[in-house]
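# Observations on chain architecture
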Amino acid sequence: NAGVMQNPRHLVRRRGQEARLRCSPMKGHSHVYWYRQLPEEGLKFMVYLQKENIIDESGMPKERFSAEFPKEGPSILRIQQVVRGDSAAYFCASSPRDGRPPQHFGDGTRLSIL
Amino acid sequence: KQEVTQIPAALSVPEGENLVLNCSFTDSAIYNLQWFRQDPGKGLTSLLLIQSSQREQTSGRLNASLDKSSGRSTLYIAASQPGDSATYLCAFPRGGGGSNYKLTFGKGTLLTVNP
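Residues numbered from 1 in each chain as written. Chains lettered and ligands numbered in written order. Predicted model: local features only at pLDDT ≥ 70, side-chain atom pairs only at ≥ 80, totals over all residues. Heavy atoms only, no water.

## So, the environment of Asn63 of chain B
Residue and element names in this part refer to chain B. Applicable threshold: A helix here means a DSSP run of H or I that spans at least four residues, while a strand means a run of E at least two residues long, and both kinds are numbered starting from the N terminus. By definition in these notes, contact holds between two residues if any of their heavy atoms fall within 4.5 Å. Under this definition, polar contacts are N or O atom pairs within 3.5 Å; protein pairs additionally need one hydrogen-donor-capable and one acceptor-capable atom, and for neighbouring residues in sequence, both atoms have to be side-chain atoms.
Relative to the helices and strands, Asn63 resides in strand β7 (residues 62-67). A sequence separation of 48 residues divides Asn63 from Glu15, and the C-alpha atoms of the two residues are 18 Å apart. Leaving out residues up to four positions away in the same chain, Asn63 has contacts with Leu48, Glu56, Gln57, Thr58, Thr74, Leu75 and Tyr76. Here Glu56 takes part through its side chain, which lies 3.1 Å from a polar atom of the side chain of Asn63.

As structure tokens, then:
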């Protein structure tokens, strides 16, 4: 009965490094969503993926950010050449095969950039 | 563009009080709405989901209502307890074109229930 699992819970990177955030959806869920919560801001949608497909990446910054959800393994949100403004909580959510709500959220990864 | 506003931003009440949290939205063409709670340093826990054809949903001491015509939803918490202290968020998927997955969140109401 594991829920959405995200790791690491906390990640510290220096400016210019790469950050990799992982998300394993709930059992039986094949739809994954990534959201970002900046300090003092609400959660913002970033990207929606199904297995091996990016369905909607309209909320992703055009540069340095990428996401994947391979056939095997967790979904990965990758941030290259991190900057201080990338410091935020990144949440992953999943929903069942047909994509219907509700979305179930993980505990997030808190990314801090030094 | 869907805008979501939650009022008040923060609320402090004594234990046992009944309370109402408000959520307003600008676009009435919504598929559904969800109420979540977020504990400090934690993720979001889904509390209630109301489909656009429904007017309310109940779970235990929680009752959520939806009035699309006025662009409002309320979350009613009965007999509040200190364990209810958290940030409460409402969220709507952006409607139109089948994109009923892209949740738009309010900034939340920080609730403190004092023993």
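This is not the end of the story, as more comes after the structure.
## What about the side chain of Gln37 of chain A?
Note the threshold: For every residue, the accessible area obtained with a 1.4 Å probe (protein chains only) is divided by the maximum for its type, and the residue is called buried under 20%, exposed over 50%, and partly exposed between those limits.
With respect to the secondary-structure elements, Gln37 of chain A resides in strand β4 (residues 29-37). Gln37 of chain A gets classed as buried once you look at its relative accessible area, which sits at 17%. For Gln37 of chain A, the side chain forms a polar contact with the side chain of Gln38 of chain B, separated by 3.3 Å. Residues within four places of Gln37 of chain A in sequence aside, it is in contact with Gly42, Leu43, Ala88, Ala89 and Phe91 of chain A together with Gln38 of chain B.

## With respect to the interface of chain B and chain A
Rules: Accessible area, probed at 1.4 Å, shrinks when two parts are joined; the buried area is that loss added up over both. Any Lys or Arg side-chain nitrogen located within 4 Å of an Asp or Glu carboxyl oxygen qualifies as a salt bridge.
Across the boundary between the two partners, chain B contributes 18 residues, which contact 20 residues of chain A. Both faces combined, the contact of chain B with chain A buries some 1,600 Å², and carbon together with sulfur accounts for 54% of it. Three residues stand out in chain B for area buried against chain A, namely Leu44, Tyr101 and Phe105 of chain B, and they jointly supply 33% of the buried area on that side. On inspection of chain B and its partner chain A, the count reaches one salt bridge. A salt bridge links Asp56 of chain A to Lys102 of chain B; its shortest N-O distance comes to 3.1 Å. Elements with a contribution of two residues or more to the side of chain B that touches chain A: β4 (32-38), β5 (44-51) and β10 (103-105) of chain B.

## As for unusual backbone geometry
Following Asn7 of chain A, the chain continues to Pro8 of chain A via a peptide bond in cis, the omega torsion being -5°. Here Pro8 of chain A shows up in the loop between β1 (5-7) and β2 (10-13). For the peptide bond that leads from Ile7 of chain B to Pro8 of chain B, omega is 0°, which places it in the cis range. For Arg64 of chain A, which is not glycine, the phi dihedral falls at a positive 75°. Relative to the elements of secondary structure, Arg64 of chain A occurs in the loop between β6 (53-56) and β7 (65-68). The exposure class of Arg64 of chain A is partly exposed, given its relative accessible area of 25%.

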